[in-house]
Amino acid sequence: MTNPLTIELWTGEEAVMSTEPGSEFSMWDGSIVGRNIEFEEDKKIVQQWYFDGQPEMSIVTIKLHPAKNNETSVELKHTNIPDADYNSFADGWDTSYFGPLAEFFEGF
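Just so it is clear, the structure is predicted and the values come from calculations on it, not from any experiment.

Trainee: Quick one: what's the story with helix 1 (residues 4-11), residue by residue and with numbers?
Mentor: Turning to helix 1, its buried residues are Thr-6, Ile-7, Trp-10 and Thr-11. Angularly, the buried residues of helix 1 cover 115 degrees about the axis, an arc narrow enough to put them on a single face. Along helix 1, the residues that are exposed and aim more than 90 degrees away from the buried face are Leu-5 and Leu-9. N-cap assignment for helix 1: the residue whose side-chain oxygen lies 2.8 Å from the backbone N of Leu-5 is Asn-3. One or two positions beyond helix 1, positive phi appears at Gly-12, with a value near 80 degrees.

Trainee: So what's going on with the pattern of salt bridges? Which residues, and what values?
Mentor: Summed over all chains, the structure comprises two salt bridges. Lys-44 is paired through a salt bridge with Glu-38; the nearest N and O atoms lie 3.2 Å apart. The class for Glu-38 is partly exposed, based on a relative accessible area of 30%. A salt bridge links Lys-44 to Glu-40; the shortest N-O distance between them is 3.8 Å. Members of the salt-bridge network, linked through shared partners, are Glu-38, Glu-40 and Lys-44.

Trainee: Provide a residue-level description of the sheet that holds strand 3 (residues 44-49), including the pertinent values.
Mentor: Strand order across the open sheet formed by five strands is 1-2-3-4-5, with antiparallel pairing between neighbours. Sheet topology places strand 1 (24-27) and strand 5 (71-78) at the edges, where each strand pairs with a single neighbour. In this sheet, neighbouring strand axes are inclined to one another by 30 degrees on average, regardless of whether the strands run parallel or antiparallel. Bridge count between strand 1 and strand 2 (residues 32-40): four bridges; the pairing is antiparallel. In the strand pairing of strand 2, Met-27 is matched with Ile-32. On the sheet, helix 2 (residues 86-106) packs against strand 1, strand 3, strand 4 (58-67) and strand 5 and is oriented at approximately 150 degrees with respect to strand 5.

Trainee: Could you give an account of the side chain of Thr-61, with specific residues and numbers?
Mentor: Position of Thr-61 among the secondary structure elements: in strand 4. Overall, Thr-61 belongs to the buried group, its relative accessible area being 16%. In this structure, Thr-61 is in contact with Lys-44, Ile-45, Val-46, Glu-75, Leu-76 and Lys-77, ignoring residues within four places of it in sequence.

Trainee: Break down the packing of aromatic side chains for me, with residues and values.
Mentor: Within the structure shown, the criterion is met by nine aromatic pairs. Centroid distance Trp-93 to Tyr-97: 4.8 Å. Interplanar angle 65 degrees. Geometry classified as edge-to-face. You can see Trp-93 and its partner Tyr-97 sitting in helix 2, four residues apart, about one turn around the helix. When its relative accessible area of 5% is taken as the criterion, Tyr-97 is described as buried. With a centroid separation of 5.5 Å and an interplanar angle of 25 degrees, the aromatic rings of Trp-93 and Phe-98 are classed as stacked. Residues Trp-93 and Phe-98 agree in their burial class; the two are buried.

Cut-off values and rules
Residues numbered from 1 in each chain as written. Predicted model: local features only at pLDDT ≥ 70, side-chain atom pairs only at ≥ 80, totals over all residues. Heavy atoms only, no water. Buried < 20%, exposed > 50% of the residue type's maximum accessible area, 1.4 Å probe, protein only. Helix = DSSP H or I, 4+ residues; strand = E, 2+ residues; numbered from the N terminus. Arc of directions from axis to C-beta. Polar contact = N/O pair within 3.5 Å; in protein donor to acceptor, adjacent residues only side chain to side chain. Salt bridge = Lys/Arg side-chain N within 4 Å of Asp/Glu carboxyl O. Pairing = 2+ DSSP bridges. Axes fitted to C-alpha atoms, helices over the stretch in contact; angles between N-to-C directions. Contact = heavy atoms within 4.5 Å. Phe/Tyr/Trp six-rings, centres within 6.5 Å; stacked < 30°, edge-to-face > 60°.

Here is the structure:
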């Protein structure tokens, strides 16, 4: 989720990503852009996502939890999503982010 090459393989789009706090990132050919805030390797990602005209920061926190059978469960918190975009974001997390990510890693 933080390796640009892996992101490109899983999404099919160019990605700019670093685990350096304060660095900018871009995914899905610039459809998602923001700033990396915090990383705990294999545990937590915190990012600020940019939205034009949005008065408050949108913060995405992804926590990874070890599960049985060498699996991982994911906890997502995404704050300050514009009301008009809520349904598309909720669907996008499932269909465009976590769904394809799970399919990508099924082969490993």
